[in-house]
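Summary of structural features
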Amino acid sequence: MADRADFAMVSVAGVKRVVNIGLLEDEELKAGDWILIHVGFALSKIDEEEAAHAIRMLEGMGQAYTDELIALAQSDLGVQP
Amino acid sequence: MRFVDEFRDAEKARVLSARIAELCEPGRQYKFMEVCGGHTHTIYKHGLEDYLPETVSLVHGPGCPVCVIPMGRLDDAIAIAEEPEVIMTSFGDMMRVPGGRGSFFDSNAAGADIRMVYSPLDSLKIARQNPDKRVVFMAIGFETTAPSTAMTVLRAAAEGLSNFSIFCNHVTIIPAIKAILDSPDLRLDGFIGPGHVSTVIGCRPYEFIAREHGKPLVCAGFEPLDILQSVYMLMRQLREGRSEVENQYARVVPWNGNPKALRVIGETMELRPWFEWRGLGFISQSALQVREKYAAFDAERIFSVPGVRVADPKACQCGEVLKGVLKPWECKVFGTACTPETPIGTCMVSSEGACAAYYNFGRFTRERVKEATRA
């Protein structure tokens, strides 16, 4: 906020409110960043790359599992039923 | 919502569930403690135990800030609230906690001025608006919350406010984990490490758990997939014979924590020689007090605090629940004499308390619904 450097306007699930960002002064915050808020203070800046990495890993696990199921369905292990 | 919905996907949960089952060694039982009350809440809200094999159990730890406050400290806070011209301010989940002489709500009804606040900054505002009153903030919580209290004290000092103080009950997580590790009652295979505490202290302080105690620890987020993935990561470490600190919640937890938050805690607070924890007893250097430099904002120096010690009610087994020795439903008064409306112990009060989580989400059944086999 222009008049209070240690406060920022954030949108929390669609509700606008002010939070104290003094604990993140070592971070370079800009409009559009996501932050973790606890009792009116921003505690951590959310790392979008790390979030995307975690999702990719989970999706990768899902894909490997799906592939395995498809492979299992397609294989008769050389034995005719 | 971003960073929430992606981590609640049921299909991915089933995949993780199957992967966890694959890692189970035949005949072996696995026991992991989730240290943090927020994790306990997620586990019961989403029924995550149903996604785990029968041989993997989750044990609830001492990381619920409200639950570990002993009754005596609450009685001390009420004694301060009853002093003339005092406005006591507190987070909402502390209001119903029963002390030896009733709760904040009871005391409020009897005439004390006790108000709920969302943030310590709200207490500061009340102090500014009421210059003829003495406003005290009931400061509770682990390292997650201590920086906010510290920032508020620094702001009060900068503004020269003379009618604001804190009753400091901040506790630190590492000594509590040490107490659990030293407890002979419990054999654990690893820890689901605190998420939000770790945003402040980082992951390094847990390294002794992996190194000296040989238990893996994974710092975990608070969505269902975060917890399941953390269990998977723990199981993988065990399977591969590793014992390390890993960070599943890297999107929020920096490995080195939040240096500024640690600085402001260090500036305003120091370790107490000892502090009493509900259920765990006296633990040395496990809590914070206000530094001499900020004595003007320390309710313990401003008011005469009785220093009450009150034994927990005999029927209450919160201590065993907090140490992970008892499951909530094994307590004799669970759901009968002790309910969220009329709690006997703290674990039934806070939304992070294991008993409240069990009670509110209806986890009465001991039988797992076999989600894993549906995958």
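Residues numbered from 1 in each chain as written. Chains lettered and ligands numbered in written order. Predicted model: local features only at pLDDT ≥ 70, side-chain atom pairs only at ≥ 80, totals over all residues. Heavy atoms only, no water.

This paragraph deals with the overall build of chain B. Assigned secondary structure in chain B consists of 15 helices and 13 strands. Here chain B has a C-alpha radius of gyration of 21 Å; the compact-globule value for 375 residues is 21 Å, and the two agree. Judged by the C-alpha coordinates and their principal axes, chain B covers about 65 × 45 × 40 Å. Per-residue burial over chain B gives 61% buried out of 375 residues. About 14,000 Å² of surface is accessible on chain B, with carbon and sulfur atoms providing 50% of the total. In chain B, the 43 positive side-chain charges and the 45 negative ones have mean positions that sit 2 Å from each other. (Helix = DSSP H or I, 4+ residues; strand = E, 2+ residues; numbered from the N terminus. Rg over C-alpha atoms; globule rule 2.2 N^0.38 Å. Buried < 20%, exposed > 50% of the residue type's maximum accessible area, 1.4 Å probe, protein only. Areas by Shrake-Rupley, 256 points an atom, 1.4 Å probe, with all protein chains shown as cover. Lys, Arg positive; Asp, Glu negative; His and termini not counted. Charge placed at Lys NZ, Arg CZ, Asp CG, Glu CD.)

Let us look at the state of the cysteines. All names here are of chain B. A full pass over the atoms with the stated rule returns one disulfide over all chains. Here Cys-168 is not disulfide-linked; the sulfur of Cys-64 is the nearest cysteine sulfur, at 17 Å. As a non-bridged cysteine, Cys-347 has Cys-318 as the owner of its nearest cysteine sulfur, 3.4 Å distant. Look at Cys-347 and you get buried, because its relative accessible area is 1%. (Disulfide = S-S within 2.5 Å.)

In this section: the sheet that holds strand β4 (residues 113-116) of chain B. All names here are of chain B. Read across the open sheet, the four strands follow the order β4-β3-β5-β6; overall the sheet is parallel. In this open sheet, the two strands that pair with only one neighbour each are β4 and β6 (164-170). Strand after strand, the sheet turns through a mean of 25° between neighbouring axes, direction not considered. Inspection of the sheet shows strand β3 (residues 86-90) paired to strand β5 (residues 134-141) by four bridges, in the parallel sense. Note that in β5 the partner of Ile-87 across the bridge is Val-135. Where helix α3 (residues 71-81) meets the sheet, its contacts fall on β3, β4, β5 and β6, and the angle it forms with β6 comes to roughly 170°. Together, β3, β4, β5 and β6 form the strand contacts of helix α5 (residues 120-129), whose direction differs from that of β5 by roughly 175°. (Pairing = 2+ DSSP bridges. Axes fitted to C-alpha atoms, helices over the stretch in contact; angles between N-to-C directions. Contact = heavy atoms within 4.5 Å.)

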